[in-house]
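# Structural features, examined
Here are the chains, one letter per residue:
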Amino acid sequence: MTLKLGHINNRAIEYLDINDDMSNLTSIVLNNWVLFAIADKEQMPILNKFAEICLDSNVLYVCGAGELASEIDTEFDSAIVNRMIDIGEWPNNSDAFEDTAMTTFHSDFDEGFWFATFVAAHPTIIIKRVLVANLTQHDYSNRIIELIEKFNFGWLPPD
């Protein structure tokens, strides 16, 4: 079950603890959404399955955070490329990736969440939801609530 934590920039912010059980993720309907994924080294074995589920749910933008921020980005990019190869879209079609999810990773947690809420965009679809998917054993919900409050009062991450 997702927790509704607030709104930023006309985007609903929802939080979901995964804890190695992806059934909660597969049971929710996701539309017009950005993923802010948090993972640490212990979650490396489940990243591929996690990426596949999110791509099946039409994620528009992926922002990785935590110890595995870069690996989240890489895993999603690999899954996207493999899908394009499987359907014969790549390397033959130079426009094959225009409708796929964009991916980024952020070593600064606060900046990454700010990016997910203010910057992440799709060229033709208005993003209405940010799902914070916490794959770690640590609870980040209070930190996200604090960031929502700071962002809504105009706080910007340092350059």
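Here the structure is shown first, and the text comes after it.
Residues numbered from 1 in each chain as written. Predicted model: local features only at pLDDT ≥ 70, side-chain atom pairs only at ≥ 80, totals over all residues. Heavy atoms only, no water.

On to the overall build of the protein chain. Broken down by element type, the protein chain carries 5 helices and 6 strands. Counting from the amino terminus, helix and strand elements in the protein chain follow one another as β-β-α-β-α-β-α-β-α-β-α. Over its C-alpha trace the protein chain gives a radius of gyration of 15 Å, about what one expects of a compact globule, namely 15 Å for 159 residues. Judged by the C-alpha coordinates and their principal axes, the protein chain covers about 45 × 35 × 30 Å. Expressed as a percentage of contacts within the protein chain between residues at least 6 apart in sequence, the contacts between residues at least 24 apart total 79%. Counting only carbon and sulfur atoms, one obtains 50% of the accessible surface of the protein chain, whose full area is about 8300 Å². Across the protein chain, 9 positive and 25 negative side-chain charges occur, with their mean positions spaced 7 Å apart. (Helix = DSSP H or I, 4+ residues; strand = E, 2+ residues; numbered from the N terminus. Rg over C-alpha atoms; globule rule 2.2 N^0.38 Å. Contact = heavy atoms within 4.5 Å. Areas by Shrake-Rupley, 256 points an atom, 1.4 Å probe, with all protein chains shown as cover. Lys, Arg positive; Asp, Glu negative; His and termini not counted. Charge placed at Lys NZ, Arg CZ, Asp CG, Glu CD.)

Take Asp-110: it is sitting in helix 4 (residues 109–119). A relative accessible area of 17% places Asp-110 in the buried class. Reaching out from Asp-110, the side chain makes a polar contact with the side chain of Arg-143 at a distance of 3.0 Å. (Buried < 20%, exposed > 50% of the residue type's maximum accessible area, 1.4 Å probe, protein only. Polar contact = N/O pair within 3.5 Å; in protein donor to acceptor, adjacent residues only side chain to side chain.)

The N-to-C vectors of helix 4 and helix 5 (residues 141–152) enclose an angle of 60 degrees; their axes lie 11 Å apart at closest approach. Relative to helix 5, helix 4 is oriented oblique. Considering the relative orientation of helix 4 and helix 5, their crossing is right-handed. Contacts from Phe-109, Asp-110, Phe-113, Trp-114, Thr-117 and Phe-118 of helix 4 reach helix 5 at Arg-143, Ile-144, Leu-147, Ile-148, Lys-150 and Phe-151. Of the residues that constitute the contact of helix 4 with helix 5, the class distribution is 8 nonpolar, 1 polar and 3 charged. (Axes fitted to C-alpha atoms, helices over the stretch in contact; angles between N-to-C directions. Parallel < 35°, antiparallel > 145°, perpendicular 65-115°, else oblique. Left-handed = near helix turned anticlockwise from the far one by under 90°. Nonpolar A, V, L, I, M, F, W, Y, C, P; charged D, E, K, R; others polar.)

Time to look at the sheet that holds strand 6 (residues 129–134). Spatially, 1-2-6-3-4-5 is the arrangement adopted by the 6 strands of the open sheet, whose pairing is mixed. The open sheet has two free edges, formed respectively by strand 1 (3–8) and strand 5 (102–105), since each of these has just one partner strand. The sheet shows a mean angle of 20 degrees between the axes of neighbouring strands, direction not considered. In this structure, strand 1 lies alongside strand 2 (residues 11–17), joined through 5 bridges in antiparallel fashion. If you follow Leu-3 over to strand 2, its bridge partner there is Tyr-15. Against the sheet, helix 3 (residues 69–86) makes contact with strand 3 (33–38), strand 4 (61–65) and strand 5, and its axis sits at roughly 160 degrees relative to strand 5, the strand it touches most. The strands touched by helix 5 within the sheet are strand 1, strand 2, strand 3 and strand 6, with strand 1 carrying the most contacts at an inclination of about 20 degrees. (Pairing = 2+ DSSP bridges.)

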